[in-house]
Protein chains: 2
Amino acid sequence: MDDIWKQFEQNPISHSAAHHIVAIVELLERNGYARVSDVAKLLNITRGSASLTLKSLKQRGLVAEDENRFLKLSDEGETVASSVRGRAFLIRRFFMDVLDLPSEDAEVDACKIEHLLSLATAERLAQFLRYFCAKDSIAVAFREGWEQYEGSCDWASTDSAVCQIERIAKLACEVKAQDSEQG
Amino acid sequence: MDDIWKQFEQNPISHSAAHHIVAIVELLERNGYARVSDVAKLLNITRGSASLTLKSLKQRGLVAEDENRFLKLSDEGETVASSVRGRAFLIRRFFMDVLDLPSEDAEVDACKIEHLLSLATAERLAQFLRYFCAKDSIAVAFREGWEQYEGSCDWASTDSAVCQIERIAKLACEVKAQDSEQG
DNA sequence: CCGATATGTTTGGTATATAAAACGAAGGTT
DNA sequence: AACCTTCGTTTTATATACCAAACATATCGG
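Draft legend 1. Structural view of the protein's contact with DNA strand D. In the vicinity of DNA strand D, 19 residues are found, and the nearest of them are Ser37(A), Ser51(A), Ser14(B), Ser16(B) and Ser49(B). Among the atoms of DNA strand D close to the protein, meaning within 4 Å, 69% are from sugar or phosphate groups. Arg35(A) is positioned such that a nitrogen or oxygen atom in its side chain is 3.1 Å from a phosphate oxygen of DNA strand D. Side-chain polar atom of Lys55(A) to a phosphate oxygen of DNA strand D: 3.3 Å apart, as the coordinates give it. Counting residues per element, the ones that place at least two in the surface near DNA strand D are helix H2 (36-43) and helix H3 (47-59) of chain A together with helix H1 (15-31) and helix H3 (47-59) of chain B. For the surface near DNA strand D, the leading source of residues is H3(A), giving five residues.

Right, here's the structure in full:
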C-alpha cells in the first residue's frame, strides 16, 4: 500500500486504454461516428488489437456500442475522456507557455504523462497556469524576466547531456536550501 | 513512426526497469552492496521477479555482477540511474516548491513520470525552477503573489487563451466531484 | 555431518498490450 | 450467382511484468 513506485501499475487508466477512449471522442467529434476499425486506423494498430482492447473497455463499462456496432462512451467513459484530455491540455500549455518547449517535444511528453497526473496535481497546475498567464504587473514582469533568463546560463558548456541534469538538479537544490535559510 | 502516442511504449527505459536500477544505486549508497534479494525486498516484489527483471537488465548491459553475484551498474547503467534520479528530483521540487503539493502527492506523481520526461523538458524545467526560486525582487514578488492567489480566481478578466485553461479547470472540478461520489 | 536458513533461479500461471493471420458476416459490383 | 472488399472477431504468438512454488546451492550452527 505504501509502495509508491507500484502506484504506476495501479493507475486508474492505462496509457493504451486512455488513448482508445480519447480516440473515440475525437472520431465522434470529427466524423460523427466511431467504429472499431476507425479507432484502429487512428491509433495505427491492427483491427484485432483494437477489438481486444475495446472489448475489455466494454466489460469495464467505459465503452458501449449501439445495435449497429457503432462505438460510444458511457457516462464514466466520458468522465475518463474529459479527465485525460483536460490533463493533456494543461500539460501541453505548461510545456509550451511556461517552459517554451517546441510543440513537438511538448506533445510527446504530454502524451506520455497525461493519464498519470493525479487530480490534485492537475488542479494546482491549472491554477498556476492562470496565475502565470495573468495580466497583472507582477506576472508580466516575471514572464519578461523569464524570457530574458533563457540562455543566460553557463550549463551549456558542460560535458555530457545527462551530466547537465545532475548539475542542474544540484543547483536547484542549493537555491532552495539558501532560500530556506533566509526565509 | 510519427505516432506520438506510441512513444510511451518506446520509452528508453520502463518504469519497472528504472526502479530496479535506482534501487541498486540506493542500496549501494546505503549498505555498500546490492544483491537480488535486497532489490526484491526494497521494491517489495518476490526474488523470482527481481531475478528475471535483473537478468534482462544484465543482458541489456545496464547491470553487472561480481564473482560473488553482488550487483553493480555498468557505466550505461550509472547514466540511466543519474538521469532518472535527476528527473525525479526536479519533478518533486516543482510539485512541492512551485505547485505547493503535499509531499506524498508530489512523491507519487513524480515517481510515475520521472522516467518519461525527455532531456529537453527536464533541462527547461530545471532552468524554470532556478528562475522561480531566485532571490531577485521580481521572483520574490511573483512567489508572494502566487501564495496569495491560492483559492481566488477572477473568471471575468481573462483572455481567450487563458479562458481555455479556465474551462479545463472547471472540467477538472467536475471530474473531482464525480470521483468523490464514486470513492 | 546434518538440518535450518538464506539466496538465486526456474517453472507455470496471470494480466496487459501488441501483431499477424485466419475466419465469418455483410454489402457492393459485375 | 460469383466475386471482392470491408469489418469485427478469434486465434496464435510475442514482450513486459508480476506471483507462487519448486528447486538448487551455499553457508552457518549444533
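Next, the rest of the story.
Draft legend 2. Region of the structure containing empty space enclosed by the protein. This structure, assessed with the given rule, holds two cavities of 30 Å³ or more. In this structure, the largest cavity spans a volume of roughly 130 Å³. Together, Ile91(A), Phe94(A), Phe95(A), Ile113(A), Leu117(A), Leu125(A), Ile91(B), Phe94(B), Phe95(B), Ile113(B), Leu117(B) and Leu125(B) line the largest cavity. Grouping the constituent residues of the lining of the largest cavity by class yields 12 nonpolar, no polar and no charged.

Draft legend 3. The arrangement of H2(A) in detail. Residues and elements named next belong to chain A. All of the buried residues in H2 are Asp38, Val39, Ala40 and Leu43. Where H2 is buried, its residues contact helix H1 (15-31), H3 and strand E2 (71-73). A positive backbone phi angle near 60° is found at Asn44, which sits one or two residues after H2.

Draft legend 4. Up close: H3(A). All names here are of chain A. Compared with an ideal rise of 1.5 Å per residue, which puts 13 residues at 18 Å, H3 spans 18 Å between its outermost C-alpha atoms and is within 8% of the ideal. Turning to H3, its buried residues number three or more, namely Ala50, Leu54 and Leu57. Projected down its long axis, H3 shows its buried positions confined to an angular sector of 50°, all on one face. Those residues of H3 that are exposed and aimed more than 90 degrees away from the buried face are Leu52 and Gln59. Buried residues in H3 make contact with H1, H2, strand E1 (63-65) and E2. A positive backbone phi angle near 80° is found at Gly61, which sits one or two residues after H3.

Draft legend 5. Structural view of the nonpolar core. With 52 residues, the main nonpolar core has Phe94(A), Phe95(A), Phe128(A), Phe94(B) and Phe128(B) as its most contacted residues. Those residues in contact with Phe95(A), other than ones at most four positions away along the chain, are Asp100(A), Leu101(A), Ala106(A), Asp109(A), Ala110(A), Ile113(A), Leu117(B) and Thr121(B).

Draft legend 6. Focus on the environment of Asn44(B). As for its placement among the helices and strands, Asn44(B) is situated in the loop between helix H2 (36-43) and H3. Owing to a relative accessible area of 46%, Asn44(B) belongs among the partly exposed residues under this scheme. Apart from the residues within four sequence positions on either side, Asn44(B) is in contact with Asp3(A) and Lys6(A). Looking at Asn44(B), its side chain comes within polar contact range of the side chain of Asp3(A), at 2.6 Å.

Draft legend 7. Examining the pattern of salt bridges more closely. Residue and element names in this part refer to chain A. Enumeration according to the criterion identifies 11 salt bridges over all chains in this entry. Put simply, Arg85 and Glu29 hold a salt bridge, and the shortest N to O gap is 2.7 Å. Residue Arg85 is found in helix H4 (residues 75-98), and its partner Glu29 is found in helix H1; the two are separated by 56 residues along the sequence. Residue class for Arg85 comes out partly exposed when judged on its relative accessible area of 30%. Under the relative-accessibility criterion, Glu29 is labelled exposed at 56%. With a shortest N-O distance of 2.6 Å, Asp97 and Arg93 are connected by a salt bridge. Pair noted here: Asp97 and Arg93 are both in helix H4, with a separation of four residues, about one helical turn.

Conventions adopted
- Positions within a chain are numbered from 1, following the residues in the order the chain's sequence is written.
- All chains are assigned letters beginning at A, and all ligands numbers beginning at 1, according to the order in which they are written.
- It should be noted that, the model being predicted, local features are given only for residues of pLDDT at least 70 and side-chain atom pairs only at 80 or more, the latter also being counted only at that level, while totals for whole chains, interfaces and linings use all residues.
- Side-chain calculation: all heavy atoms of the structure are included, whereas hydrogens and water are not.
- A cutoff of 4 Å decides nearness: a residue is near a molecule or strand if any of its heavy atoms lies inside that distance of it.
- By the criterion applied in these results, polar contacts are pairs of N or O atoms within 3.5 Å in which, for protein atoms, one can donate a hydrogen and the other can accept it, and in which residues neighboring in sequence qualify only through two side-chain atoms.
- Elements are defined by DSSP. Helices are runs of H or I of four residues or more, strands are runs of E of two residues or more, and each kind is numbered from the N terminus.
- The pocket and cavity definitions rest on a 1 Å grid over protein atoms only: a 1.4 Å probe that fits but cannot leave marks a cavity, an open set with protein on both sides within 12 Å along at least five of seven lines marks a pocket, and residues lining either have an atom within 4 Å of a point.
- Grid points are joined across faces, edges and corners, and a volume is the space filled by probe spheres set on the points.
- Classification used: nonpolar for Ala, Val, Leu, Ile, Met, Phe, Trp, Tyr, Cys and Pro, charged for Asp, Glu, Lys and Arg, polar for all others including Gly.
- Relative accessibility thresholds used throughout: buried, under 20% of the residue-type maximum; exposed, over 50%; partly exposed, between the two (1.4 Å probe, protein chains only).
- Contacts are residue-level and defined by heavy atoms, with any inter-residue pair within 4.5 Å sufficient.
- For a helix, the expected span equals 1.5 Å multiplied by the number of residues minus one.
- Taking the helix axis as origin, the arc is that swept by the directions to the C-beta atoms.
- We define the nonpolar core as a collection of buried residues of types Ala, Val, Leu, Ile, Met, Phe, Trp, Tyr and Cys that are connected through side-chain atoms lying within 4.5 Å of one another.
- When a carboxyl oxygen of Asp or Glu lies within 4 Å of a side-chain nitrogen of Lys or Arg, that pair is called a salt bridge.

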